[in-house]
Amino acid sequence: MKEYNITIVATNNPKIIKLEANHFLVKGNYEYKNIDEAKNSPLAQQLFYLPFIKTVYISGNFIALERYDIVEWEDVKDEVAQQLVEYLNAGEPVVHEELTQKKEPVTVYAEVTPNPAAMKFVCNKRIVPSTYEFKNIDEAKDSPLAQALFQFPFVKEVFFDENYISVLKYEVAEWEEITMQVREFIRDFLGDGKEVISAEAIQKTKESAKKSATQIQYDDTSQQIIDILEEYVKPAVASDGGNIMFQSYEEESRTVSVILQGACSGCPSSTFTLKNGIETMLKNMMGDKVREVVALNG
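The rules behind the values
Residues numbered from 1 in each chain as written. Predicted model: local features only at pLDDT ≥ 70, side-chain atom pairs only at ≥ 80, totals over all residues. Heavy atoms only, no water. Buried < 20%, exposed > 50% of the residue type's maximum accessible area, 1.4 Å probe, protein only. Helix = DSSP H or I, 4+ residues; strand = E, 2+ residues; numbered from the N terminus. Pairing = 2+ DSSP bridges. Axes fitted to C-alpha atoms, helices over the stretch in contact; angles between N-to-C directions. Contact = heavy atoms within 4.5 Å. Patch = residues over 30% accessible without salt bridge, like charges linked within 9 Å, V, L, I, M, F, W, Y side chains within 5 Å. Areas by Shrake-Rupley, 256 points an atom, 1.4 Å probe, with all protein chains shown as cover. Salt bridge = Lys/Arg side-chain N within 4 Å of Asp/Glu carboxyl O. Lys, Arg positive; Asp, Glu negative; His and termini not counted. Charge placed at Lys NZ, Arg CZ, Asp CG, Glu CD. Expected span 1.5 Å × (residues − 1). Bend = angle between axes of the 7 residues up to and from the residue. Polar contact = N/O pair within 3.5 Å; in protein donor to acceptor, adjacent residues only side chain to side chain. Phe/Tyr/Trp six-rings, centres within 6.5 Å; stacked < 30°, edge-to-face > 60°. Lys NZ or Arg CZ within 6 Å of the ring centre and 35° of its normal.

The name an unreviewed UniProt entry assigns to the protein is NifU family protein, from the organism Flagellimonas marina.

Now the structure itself:
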């Protein structure tokens, strides 16, 4: 059985110390911000029981620890190093790497949309509970997947629905050149079990929807329009990688205002769809109550 020794190494960051072992500990690289993230690392879980541990890094033959300000490393580093030596020499596991490396089987395929700037990437699993739209990386602060997609220089906008992602691109690249790259990136991201939308953002969305449902009281005509959009229009729009949201109804002008999202946003054929599809349907179903449908962002 191996006998472990630990050497304490200072770093350029006074909050982080490096604890080098005389044998390799893991094959991969791991970072844990809290005890929940460390479910595959018994060692990291043990370290988080120390109240001053903020982050645990494990790689190769070393462990790096970031502390909170409640202590100085000079006061506790020897005690921490001794605990590590005892833990390792007891033969306890560092990281269950077989659990970490096991990927969830995910299928992702690409679908063209009526918008030449947008591609729809469909997954074989539900990835979000509702729709989310991100116009830029700043708006994507609550979505690790959207943030990662914005790292591609050709990504302009990102839209999520229950089981698909619509990506809108800039003209600097053609889809035949980048579709495979984006599809594989999304598949690997989901297969690794990474977070698509933060739990906090999902909770906020639920609370906001609940609040809107209790506060907004639509008139009968507006509610009829919403019901028609939900039943007849949204499924068709979703199949094209987009979404439509009711915004308002002006009784005097008999104008319905909607917001287009995802692949529908900026689509060259969106005006045709509005006028010859949605507008015609609402006129046929609601008579003279509707004169025109306009998209506020179309």
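And the narrative resumes.
A. Region of interest: the pairing of strand β9 (residues 155-161). Of all 7 residues that make up β9, 6 are buried, and the element is covered over most of its length. Here 6 bridges tie β9 to strand β10 (residues 164-169), and the two strands are oriented antiparallel to one another. Across the sheet, Phe159 pairs through a bridge with Ser166, a residue of β10.

B. Up close: the sheet that holds strand β12 (residues 255-262). Spatially, the 3 strands line up as an open sheet ordered β11-β12-β13, and their pairing is mixed. Each edge of the open sheet is held by one strand with a lone partner, namely β11 (242-250) and β13 (292-295). Adjacent strand axes in the sheet meet at a mean angle of 30°, parallel and antiparallel pairs treated alike. Relative to β13, β12 runs parallel, the two being bridged by 4 bridges. For Val258, the partnering residue across the bridge sits in β13 and is Ala295. The sheet strands contacting helix α7 (residues 220-239) are β11 and β12, and the helix crosses β11 at an angle near 165°.

C. Structural view of a negative patch on the surface. Together, Asp219, Asp220, Glu250, Glu251 and Glu252 make up a region of like negative charge exposed at the surface. Following the sequence through the fold, Glu252 ends up in the loop between β11 and β12. On the accessibility criterion, Glu252 (80% relative accessible area) is exposed.

D. Representation of α7 within the structure. Across its 20 residues, α7 extends 28 Å between first and last C-alpha, which sits within 8% of the 28 Å expected from 1.5 Å per residue. The largest bend along α7 reaches roughly 45° and is located at Val233, with the proline Pro235 sitting one to four residues downstream. Where α7 begins, the capping side chain belongs to Asp219, and its oxygen is found 3.0 Å from the backbone nitrogen of Thr221. Looking one or two residues beyond α7, the residue adopting positive phi is Gly241, at roughly 85°.

E. Local environment of the pattern of salt bridges. For the structure on display, the rule yields 14 salt bridges. Of the charged contacts, one joins Asp69 and Lys15 as a salt bridge, the two residues approaching to 3.3 Å between their closest N and O atoms. With Asp69 in the loop between β5 (62-67) and α2 (73-89) and Lys15 in the loop between β1 (6-10) and β2 (16-21), the pair connects residues that are 54 residues apart, well separated along the chain. Its relative accessible area of 55% is what places Asp69 among the exposed residues. Linking Asp69 and Arg67 is a salt bridge whose minimum nitrogen-to-oxygen distance equals 3.6 Å. The exposure class of Arg67 is buried, given its relative accessible area of 6%. Salt bridges here are not isolated pairs; linked through shared partners, they connect Lys15, Arg67, Asp69 and Glu72.

F. How the structure looks around the packing of aromatic side chains. Under the defined criterion, the tally for this structure stands at 9 aromatic pairs. Ring centres of Phe52 and Trp73 lie 5.9 Å apart, and the angle between their planes is 85°; on these two criteria the pair is classed as edge-to-face. You can see Phe52 sitting in the loop between α1 (42-48) and β4 (53-59) and its partner Trp73 sitting in helix α2, a full 21 residues away along the chain. The buried category is assigned to Phe52, whose relative accessible area is 8%. With a relative accessible area of 5%, Trp73 lands in the buried category. Directly above the ring of Phe62 sits Lys18, whose terminal nitrogen or CZ lies 4.4 Å from the centroid.

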